[in-house]
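Residue-level listing of the chains:
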Amino acid sequence: MIEVFETLAEYFSLKYVISALIVGVLISVCSSLLGVSLVLKRCSMIGDGLSHVAFGALALASVLGFAPLAFSVPIVVIAAVILLRISENAKIGGDAAIAMISSASLALGVIFVSLSGMNTDITSYMFGSLVALERGDVIISVILSVFILVFYLLFFKRIFAVTFDENFARATGISTEIYKTAIAIITAITIAVGMRVIGAMLISALVIFPALTSMRIFGSFRGVAISSVIVAGVCAFVGISASCLFSLPAGASIVVSNMAAFCVFSVIGFFKRRLNKG
Amino acid sequence: MKNKTTHLIECKNVSLSYDGNCVLENANFYVDRGDYLCIVGENGSGKSTLVKALLSLKKVSQGEIIFASDVGCKKIGYLPQRTNVQKDFPATVREVVLSGCLGTSLSPIWSLSDKLKADRNMERLGIGDIAGRCFRDLSGGQQQRALLARALCAAGSILLLDEPTAGLDPIVTKEMYRILEELNREEGMTIIMVSHDFDAAMRYATKILHLERSVKFFGARDEYMESDVFGRWGNDRGL
């Protein structure tokens, strides 16, 4: 057991592992907070769609030789606003439209990749990698998470009202559009930034899992939000540690530890409900 | 330049449309303080659209809705129809009721007066003891009371209810009507209610607004019961 910790300590003294740990944990925490609103608003598909759009954008950036983040963030933000509009307009079949956009972006991304010749950068975008990070990614994810945390703390009451009952919130004079658009845009940025560690195919799991996991046990909005943040942070840490120790892909390890947390919480939730009834 | 009205709310020649289709044409009616107004009519008669317009969730395509100078549409306590989203939403009763206190304050935390207001409204509706319970675990009647308490937190002196008893069992429905009657009689709360429950509308309302894409009847309940509109509608329903 002590050997395990020694090996871990060795890894954690490496600069790139520390960067990955910071970005991984922060992005997980951000996604989980956003996930609470998205899951409860039945908009989880937006996260999935955005990650595919982000993949397409990154692939295009690498073909054109542009800086990956600077190029993809604006595209994903625009996609977020469009996806939000589509998912609200039930007439065009919101879910089908999102599925269409997301698979189309993926297809375009794959074509861009083959045009530029298979390069490792792109595969790391799909499934995530610890080494793909640069100093800029770390700084951006720190700024982003501070921003999201402050946003949620300041507007928690309103975010609850808009998530719980949009019509009522509008009737009391809250401009719900602003909050929804803000959440969609922040989600887009979070996904574009986090994609390189977690991977485009897996990052939407970070949006969905912590919220669903916390809902197994907690019955208050505040409880779910706080628990999601903690679950997301712990799972990211455990996932990245496991990825170092057993040389597993980082993104997949984080998602699997989220899955484990979901199972544990489900079992606890089951017994908690039994206890309450009995 | 805003027009004034001697009533609490006055609708003048209001027309409403969805995607260019007119759902309500040229409606004229008013609401006075202390009224208990029931809006009745078949599905698709424009009732729910009118509710949205009263809350300014929807723009009127013609005419205007005028509020008395001391009230505004933001002072209406709104009880919407329950949606599916809320059925498994993790929120305590207190969180739900408090969200009615939002108003225009930008403060990130709830003030003491907001908390007291929420507590008072929960006590008033007899749900003070379940304030910490999860909304999704409640019965339909308890959920509806929690939503009514939230509406009371937002209400100045007007409550607007959209089918408040839909999906409730007869005993809970009766209890709901009793609460509304009490609020109307004892606290002078103005109540505007959209209802499919024809018998209840006849029993409790003081005024009736009957819609069928236009106003078929507007006036006191007793006049309504003697009118042709009521006769025809009553016959259709086998009354």
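Our subject is the structure that appears above.
A brief structural summary.

**A closer look at the overall build of chain B**
Along chain B, the regular secondary structure elements total 8 helices and 9 strands. Against the compact-globule benchmark of 18 Å for 239 residues, chain B has a radius of gyration of 18 Å, which places it among compact chains. By principal-axis analysis of the C-alpha atoms, chain B measures approximately 50 × 50 × 35 Å. For chain B, with 239 residues in total, the buried portion stands at 52%. A total of about 11200 Å² of accessible surface is found on chain B, and carbon and sulfur atoms cover 47% of it. Considering chain B, the positive charge centre built from 31 side chains and the negative charge centre built from 31 side chains are found 5 Å apart.

**Observations concerning the nonpolar core**
Ranked by size, the top nonpolar core spans 123 residues in total, and within it A:Leu50, B:Tyr36, B:Leu148, B:Leu159, B:Leu180 and B:Tyr224 carry the most contacts. Core analysis: the next-biggest nonpolar cluster, separate from the first, contains 33 residues, B:Ile39, B:Val71, B:Leu209 and B:Leu211 among them.

**What about the pattern of salt bridges?**
Going through the model one piece at a time under the given rule, you end up with 15 salt bridges over all chains. Among the salt bridges present, the one from A:Arg85 reaches A:Glu177, with a minimum N-O distance of 3.7 Å. Taken together, the residues A:Arg85 in helix α4 (residues 68-88) and A:Glu177 in helix α10 (residues 176-198) connect sequence positions 92 residues apart. Residue class for A:Glu177 comes out partly exposed when judged on its relative accessible area of 35%. In this structure, B:Asp32 and B:Lys207 form a salt bridge, with 3.7 Å as the shortest nitrogen-oxygen distance. Separated by 175 residues along the polypeptide, B:Asp32 in the loop between β2 (21-31) and β3 (36-40) and B:Lys207 in strand β8 (residues 207-211) bring together distant segments of the chain. Judged by relative accessible area, B:Lys207 falls into the buried class, the value being 13%. Among the charged side chains, a salt-bridge network with shared partners connects A:Lys41, A:Arg85, A:Glu166, A:Glu177 and A:Lys180.

**Side note on the sheet that holds strand β9 (residues 215-220) of chain B**
In a beta sheet, neighbouring strands are held together by backbone hydrogen bonds and run either parallel or antiparallel to one another. Residues and elements named next belong to chain B. The strand order β5-β6-β7-β3-β8-β9 describes an open sheet built from 6 strands, whose pairing is mixed. Looking along the sheet, the strands with just one partner apiece sit at the ends: β5 (76-79) and β9. Recorded for the sheet is a direction-independent mean angle of 10 degrees between the axes of neighbouring strands. For β3 and β8, the ladder comprises 4 bridges, and the chain directions are parallel. The residue bridging Leu37 from the neighbouring strand is Lys207, located in β8. Together, β3, β5, β6 (158-162), β7 (190-194) and β8 form the strand contacts of helix α1 (residues 47-54), whose direction differs from that of β6 by roughly 150 degrees. The sheet contacts of helix α4 (residues 140-154) involve β5 and β6, and relative to β5 the element is tilted by about 165 degrees.

**Let's talk about the packing of helix α11 (residues 203-217) of chain A against helix α12 (residues 221-245) of chain A**
All names here are of chain A. Contact pair α11 / α12: the axes reach a minimum separation of 8 Å and the direction vectors enclose 125 degrees. Relative to α12, the element α11 is oriented oblique. Here α11 and α12 pass one another in a crossing that is right-handed. Packed against α11, whose contacting residues are Pro210, Ala211, Thr213, Ser214 and Met215, the element α12 presents Val224, Ser227, Ser228, Val231 and Ala232 at the interface. Residue classes in the contact of α11 with α12 are distributed as 6 nonpolar, 4 polar and no charged.

**Examining the sheet that holds β2(B)**
Residue and element names in this part refer to chain B. The sheet built from 3 strands is open, its strands ordered β2-β1-β4 with antiparallel pairing. Each of the sheet's edge strands pairs with one partner strand only, and the pair in question is β2 and β4 (62-67). Strand-to-strand twist across the sheet, computed as the mean angle between neighbouring axes with direction ignored, equals 25 degrees. Pairing between strand β1 (residues 9-18) and β2: 7 bridges, direction antiparallel. Bridge pairing in β2 places Ser17 opposite Cys22. α1 contacts β1, β2 and β4 of the sheet and is inclined by roughly 120 degrees relative to β1.

Cut-offs and rules
Within each chain, residue numbers correspond to sequence positions counted from 1 in written order. All chains are assigned letters beginning with A, and all ligands numbers beginning with 1, in the order in which they are written. In view of the model being predicted, local features appear only for residues whose pLDDT reaches at least 70, and side-chain atom pairs are presented and counted only at 80 or more, with totals across whole chains, interfaces and linings using the full set of residues. Side-chain numbers come from the whole structure's heavy atoms, not from hydrogens or water. Under the scheme used here, helices are H or I runs from DSSP no shorter than 4 residues and strands are E runs no shorter than 2 residues, and both carry numbers assigned from the N terminus. Each radius of gyration reported is based on C-alpha atoms, and the globular scaling rule is 2.2 Å times the count of residues to the power 0.38. Partly exposed residues are those whose accessible area sits between 20% and 50% of the maximum for their type, while under 20% is buried and over 50% is exposed, using a 1.4 Å probe and protein chains only. Calculation of accessible area relied on Shrake-Rupley with a 1.4 Å probe; when residues are assessed, cover is drawn exclusively from the protein chains displayed. Residues counted as positive are Lys and Arg, residues counted as negative are Asp and Glu, and His and the chain ends are not counted. By convention, charge coordinates are those of NZ in Lys, CZ in Arg, CG in Asp, or CD in Glu. Nonpolar cores are built from buried Ala, Val, Leu, Ile, Met, Phe, Trp, Tyr and Cys residues. Side-chain atoms within 4.5 Å join them into one set. Every case where a carboxyl oxygen of Asp or Glu lies within 4 Å of a side-chain nitrogen of Lys or Arg is listed as a salt bridge. Between any two strands, pairing holds if DSSP finds at least two bridges. Every axis corresponds to a line fitted to the C-alpha atoms, with the helix fit spanning only the stretch in contact, and the corresponding angles, defined between N-to-C directions, vary from 0 to 180 degrees. Contacts: residue pairs with any heavy atoms within 4.5 Å of one another. Note on angle classes: values under 35 degrees are labelled roughly parallel, values over 145 roughly antiparallel, values of 65 to 115 roughly perpendicular, and the remainder oblique. Crossings are classed by handedness, with left-handed meaning an anticlockwise turn of the near helix from the far one by less than a right angle and right-handed meaning a clockwise turn. Classification convention: Asp, Glu, Lys, Arg as charged; Ala, Val, Leu, Ile, Met, Phe, Trp, Tyr, Cys, Pro as nonpolar; all other residues, Gly among them, as polar.

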